[in-house]
Structure formats: C-alpha cells, structure tokens
Amino acid sequence: MVESGSSVRRPAGTPQDGVPAGSAIRLTGVSKAYPGVQALVDVDLEVAIGEIHALVGENGAGKSTLLKILTGAHEASSGALTIFGEPVDFHGPNEARRLGIAAVYQELTIIPAMTAVANVFLGQTKSRGGFLAERRMRARFAELCEEFGVMIPATAQAGLLSVAQQQALEIMRGLESDARIIVLDEPTASLAVHEREALYEVVGRLSSRGVAVIFISHDLDEVLNVAHTVTVLRDGRKVETRSALQWTKSALVTAMLGKAASTQISRTRQAGDAILRATGIRVPGHLEEVDLTVRAGEIVGIAGLVGSGRTELLRALAGMDSASSGSLEVDGRHVRWPHTPRASLQVGIALVPEDRKSQGLVLGMPVFDNINMSSFASVARGGLLRRQKELEAAGERAERVALESEVLARPVRTLSGGNQQKALIARWIDRGVRVLLVDEPTRGIDVGAKVEVFTLLDWLAAQGLGVVMVSSELEELVGHSDRVMTLVGGRVVAEAPAAGLAVSDVLRVIFDVEET
C-alpha cells in the first residue's frame, strides 16, 4: 500500500525521455501445461526498455509460471520469447542470467548461516588477484544499505535478521547484479513505509537507466503509483494491458476477478469482557513496559514500522522469546509468564507467524497433517496416527475455514498463499485457544483471498476469541480492527478505536514521535 503522505507519484505512461526505444521482452502465444493443469494459455506480453511493467492477478492466475519461463526456470510448452529482439530458448536460469535477467522472488532465498554481506554478493563476489575483495564488498554493501534506506550490519548472520531485513538483502542482491531486466515479485510485502519509499526511488532510477522492471504486487494502490503499464492475468490468460494512467483500482479488481468485489465485511459482533491482560511486557532491546488488553470478540491491530517491536510483542506472548518478561492474566486468572510455545498454548494463546512457510507449515507434509499438528494425540491410537481419523478431524476444521476437502491430501506447499493461511488458522480451531495472534495475515496473498482471511478472523472474533493482528498494510489494519495500538521504538505511543481513525492519523503519530 502506498501510504498517505507518500512522495511517490504516478509515473508517466511511458518510460522516461532519454531511454532508448525498443523491446526488452516479447512473449508471443506462450502456453504452459503441467500434468492436469493448463497454467498459461496463448499469452502475449511486451515490456519496453526502461519500462516498469506490473503484472497483477489472483493466486493461480499464471504470474509465477510466466516469471519462471522468463527466468529460465521452466520451459514454455509453446510460443516464442525474445529478449532485446533476439529469439531465445532458455534451458535453465543460468542462460537467463547471462542475458542480464535477474529475479527477486517473494519466497526468500537467503543462506541463513552466511553473513548479510555474503548473501548480497552470493554468486557475484568481487575479487582481486584471486582473493576476495572483502573491503570493496563491505563498502558497496554500505552504499546499497544507504541507497535502500536500511541499517543492517554487514557481518550479521542473515538467519538472525528480521523477515523485512532478509527481504532487503534479496533486493540488494538483485540490484548488485547489474541486470538489464529485473523481476520483482512482491518486493514490498515485508517492508516498512520508509523502506518502500526507498525501493520506489531505486526502481525509478533503474527505469531511467534503461532497465526493464517487471513488478508484481497484490497491493493495487502501489501498482498504480509505481508502474508505467499494468497487465492483468486471470486463469492463465491475459485479460488486458493498459497504461497505469488508464486503470483504476476498482477496474483492476474487476478484471482480476471477472466481477466487482467488495473488501468490506459486515460486522455484527460486540466486544465482551477482557480475556487477556498483559502488563509490563519487556523484551531486551525490543520492548519496554508494554501493556496490552484484549477483550472477547475484539480484533486489536498493532501498528508500527519494522523494528518497532510489533513482531517481538507477538512472539513474547506466544512464548517464543525466553528473554521476555511481564505479568499476564487470562480470563481473569493470573498465570505464569510463558517462556515456551507449549506454556502459551496451555493458557490459550496461539500464534499464526509472519513467515508461514518457514515458521508455520511443514511444506512437504499434506494439508491434513499441518492442520492436525497441534493435536496429533487426538487422532492417534497406541502411538500411531490413524489416517482416516486424521482426515476426518482435519476435514471438520477445513470446512470451518472454507478450505476444500479435495486439497487435504495434497502437500501444503502446492496450495495458494491464501489457502496456506487458512490451513494455519484451522490448526487452532477447537483447540481451546482464547487469543489468536496473527502476524502479517495477508502477506503475499491476492485481493480475493484477503477478503476471505479477514472474514475468517471476524468470524473467530464473533465466536468469542480475542484476535491480535500485526500488519504493515495500515489501510487493512485500520479497516479490519476494532482498536489500534501504535508502537514506536518498543513503546506504546498511541491507542484509539479504529472507527473514525485514518491511516494518516497513524502515520502522523509514528513519524512525529520518531522525529522528536
């Protein structure tokens, strides 16, 4: 989402003056079939030199397949691809890279055990006389950090960085590749407002240098403000390509879904008594004396920039930070502060984490096992899991979250982002959870799936749960919360009912405090 007060302006309908004219990418009649699935059907697409070209569509529309063909990861079943006017037939990603195509994917590919600087220069190290030029790489790393507006220690172990910092490393690696075509797949999904602004500026500079940029985002406001041109895909087919100046957000949604859609959710619930009171929450280096109250039937939104302590607050409540401390009451009963996830679950607190693929799901296991993971004992006999019982138990929960029973036996990695999120939420249904913590619940999912996830969270609150939600999408946070608490520098600086609250109000509080 491009926040209120953003300095980003909608670009002209064509690349900037001074950029050589011509085609960087042309796909003609490209189709791709997998066993039992027609992923792309006769797609034509042209991206000019220096153009910022956005691709939008629901999950499953064909965006990822098209990118894999363009970057050499997959071969098209039919059709033609030309790069800078030359016909190509890629047989692997290395061939695409040699022609100057770089990709920054939504799914992180950092090497956790390596340093931040080593991840940025992975596969493109600088050397002198056969030895690594570490001083040069660190100097360039510092330049990239300044250009991108982030502060990441060069020697920090990448696996210990936040998801947002890891995403920044991925983007910096792509920028350092000196590519002529850059693919950015959901590049801002985990970034704070100032980091997004910095990325937009970088993308604009790349365009002015003649680099073609393919920009994929589920944030339609962002798309309309960043791109020169927008192409909509639906069910593997190209629906339409227009200048960004000729699209509106509602027109994009209609083109993506094939019908008009509303993101508004009808609410009939009312908040009840407090079910969680946490006071004096401390996480060394992250949180200082934070108080949080959550009532039954209430959704509390936690706003703040990356590094404000939002995720650390949820992790502390979920028992995932052994250094955290505080005082905790659940349903009016004082309980010991949890230092393990098991301790949190025992008092009715569960977490749906920010990175569902590495922290929440076991990707190689079937959907039903991922749903039952918190309650295997209930579907086992004599220490052995009973498959039929597993399917029945998972099926009941899947039905509650509108997850089709046909997908239960499939590996969870094959599901769309929205359905993966549903599976994670289904895990905690009928498990005695009183408070559900959700971190970035709509990260990397399309507009239709977002509505389904928010409808599900609203339904859970209507059943008497308390929901605590962290989201970088402030418009969504304000629109789907009952109350918004804002963190800056590990402290609560504001708290207000969401009704009547504007995104600009939240941003003003954040930046006014940070500047004092």
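Just so it is clear, the structure is predicted and the values come from calculations on it, not from any experiment. (Residues numbered from 1 in each chain as written. Predicted model: local features only at pLDDT ≥ 70, side-chain atom pairs only at ≥ 80, totals over all residues. Heavy atoms only, no water.)

Asks: Got a minute to help me understand the sheet that holds strand β23 (residues 483–488) in this structure?
Replies: Consider a sheet: its strands pair through backbone hydrogen bonds, and that pairing is either parallel or antiparallel. Spatially, six strands are ordered β18-β21-β22-β15-β23-β24 in an open sheet, and the strand pairing comes out mixed. The open sheet has two free edges, formed respectively by β18 (349–352) and β24 (491–497), since each of these has just one partner strand. Here the strands of the sheet are splayed against their neighbours by 20 degrees on average, with no regard to which way each runs. Relative to β24, β23 runs antiparallel, the two sharing six bridges. Opposite Val484, over in β24, you have Ala496 as the bridge partner. Helix α9 (residues 310–317) rests against β15 (299–303), β18, β21 (435–439), β22 (466–470) and β23 of the sheet, and its axis sits at about 145 degrees to β21. (Pairing = 2+ DSSP bridges. Helix = DSSP H or I, 4+ residues; strand = E, 2+ residues; numbered from the N terminus. Axes fitted to C-alpha atoms, helices over the stretch in contact; angles between N-to-C directions. Contact = heavy atoms within 4.5 Å.)

Asks: Looking at this structure, how should I read the environment of Glu312?
Replies: Along the chain, Glu312 turns up in helix α9. The class of Glu312 is partly exposed, set by a relative accessible area of 21%. Separated by 178 residues in sequence, Glu312 and Gly490 have C-alpha atoms that sit 8.9 Å apart. Sequence-distant contacts of Glu312, that is, excluding residues within four places in its chain, are made with Val283, His286 and Leu287. (Buried < 20%, exposed > 50% of the residue type's maximum accessible area, 1.4 Å probe, protein only.)

Asks: Is there a simple way to explain the domain arrangement of the chain in this structure?
Replies: Reports of interface size often rely on the accessible area that becomes lost once the parts have come together. Looking at the chain, the domain boundaries give domain 1 (23–257) and domain 2 (273–515). The gap between the C-alpha centroids of domain 1 and domain 2 is 29 Å. With 23 residues of domain 1 at the contact, the number on the domain 2 side is 21 residues. Regarding the contact of domain 1 and domain 2, the summed buried area is about 1,700 Å², with carbon and sulfur atoms giving 52% of it. Considering only the surface of domain 1 that becomes buried against domain 2, Asn59, Val163 and His218 emerge as the three largest contributors, covering 28% of it. Connecting domain 1 to domain 2 are two salt bridges. For Lys249, the salt bridge identified is with Glu475, shortest N-O distance 3.7 Å. Elements that contribute at least two residues to the side of domain 1 that touches domain 2 include exactly α5 (163–176), α6 (193–208) and α8 (249–257). In terms of residues, the side of domain 1 that touches domain 2 owes the most to one element, α6, which gives four residues. Its residues assigned to classes, the side of domain 1 that touches domain 2 shows eight nonpolar, eight polar and seven charged. (Domains from an automatic or database assignment. Buried area = accessible area lost by both parts, 1.4 Å probe. Salt bridge = Lys/Arg side-chain N within 4 Å of Asp/Glu carboxyl O. Nonpolar A, V, L, I, M, F, W, Y, C, P; charged D, E, K, R; others polar.)

Asks: Help me understand unusual backbone geometry, please; the structure alone is not making it clear to me.
Replies: With the exception of glycine, the majority of residues adopt a negative phi angle, and the majority of peptide bonds are in the trans configuration. Non-glycine residue Ala402 carries a positive phi angle of around 60 degrees. Among the secondary structure elements, Ala402 is positioned in the loop between α13 (387–400) and α14 (417–426). Positioned with a positive phi, Glu440 is a non-glycine residue whose angle comes to about 55 degrees. By secondary structure assignment, the location of Glu440 is in the loop between β21 and α15 (447–462).

Asks: Sorry, what's going on with the packing of aromatic side chains here?
Replies: Any two aromatic rings considered together are summarised by their centre-to-centre distance and by the angle between their planes. Taken as a whole and judged by the stated rule, the model has zero aromatic pairs. Positioned over the ring face of Phe84 is Arg180, at 3.9 Å from the centre of the ring. Between Arg242 and the ring centre of Trp247, over which it is positioned, the NZ or CZ distance is 4.0 Å. (Phe/Tyr/Trp six-rings, centres within 6.5 Å; stacked < 30°, edge-to-face > 60°. Lys NZ or Arg CZ within 6 Å of the ring centre and 35° of its normal.)

Asks: I tried to follow the pairing of strand β10 (residues 212–216) on my own but got confused; where do I start?
Replies: Side-chain positions along a regular strand alternate between the two faces of the sheet. In terms of burial, β10 is a largely internal element, five of the five residues being buried. The side-chain alternation of β10 yields two buried faces, one formed by Ala212, Ile214 and Ile216 and the other by Val213 and Phe215. Where strand β3 (residues 52–56) meets β10, four bridges bridge the pair, whose relative direction is parallel. Paired with Ile52 across the bridge in β10 is Val213. Pairing analysis gives five bridges linking strand β9 (residues 181–185) to β10, with the strands arranged parallel.

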